Amino acid sequence: MKISNFIICDDVRSELGNKHSLIGIYDGVIEFNVSPTDFGKWPKVLKMGLFVKLTTETDDEKKKINQFKIKTECNGNEKIIADGNFNMTKDLLTPKINFAIVFNQFVFDSA
């Protein structure tokens, strides 16, 4: 299995025709707009979306994919942010798996 895309953005919207619209794509750095009185104060909360595209290369690989876990690590502290299962049936086996997750209040504990 290969991660073809892992995109962090403000929002992911599902569109007709199995399309996705990604809003506010981040490019390596997440900047917070805060008032001068809140500068340097943690935690900070914002809406955050993840769009992930996985590509499988063999039929055996496709049959083994049934769960996922996404973790973050900051200053040595690990946090699981998504943990779930894929409901893969024989009829749905495809070489690509796309999924989107939107967190309405994603908490950043520190810089």
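Above this text you will find the structure in question.
Anyway, here's the lowdown on the structure attached to this text. (Residues numbered from 1 in each chain as written. Predicted model: local features only at pLDDT ≥ 70, side-chain atom pairs only at ≥ 80, totals over all residues. Heavy atoms only, no water.)

### Some words on the environment of Glu78
Right, so step 1: Secondary-structure assignment places Glu78 in strand β5 (residues 77-85).
Right, so step 2: With residues near it in sequence (within four places) discarded, Glu78 still touches Lys71, Thr72 and Glu73. (Helix = DSSP H or I, 4+ residues; strand = E, 2+ residues; numbered from the N terminus. Contact = heavy atoms within 4.5 Å.)

### Some points on the pairing of strand β1 (residues 2-15)
Right, so step 1: In terms of strand pairing, β1 meets strand β3 (residues 44-55) through seven bridges, oriented antiparallel. Residue pairing for β3: Lys2 is matched across the bridge by Thr55.
Right, so step 2: Connecting the antiparallel pair β1 and strand β2 (residues 19-25) is a turn made up of three residues, with Gly17 showing a positive phi of about 80°. (Pairing = 2+ DSSP bridges.)

### Brief notes about the sheet that holds β2
Right, so step 1: The strand order β2-β1-β3-β6 describes an open sheet built from four strands, whose pairing is antiparallel. Strands at the two margins of the open sheet, each flanked by one partner only, are β2 and β6 (96-108). Going from strand to strand, the sheet's axes swing by 50° on average, the running direction of each strand aside. (Axes fitted to C-alpha atoms, helices over the stretch in contact; angles between N-to-C directions.)

### A short note on unusual backbone geometry
Right, so step 1: The omega torsion of the bond from Trp42 to Pro43 falls at 5°, within 30 degrees of zero and hence cis.
Right, so step 2: Structurally, Pro43 is set in the loop between β2 and β3.

### Some remarks on the side chain of Asp11
Right, so step 1: Looking at the secondary structure, you find Asp11 in strand β1.
Right, so step 2: For Asp11, a relative accessible area of 11% puts it in the buried group.
Right, so step 3: When sequence neighbours within four positions are dropped, the list of residues in contact with Asp11 reads Ser21, Leu22, Ile23, Lys47, Gly49 and Val102. (Buried < 20%, exposed > 50% of the residue type's maximum accessible area, 1.4 Å probe, protein only.)

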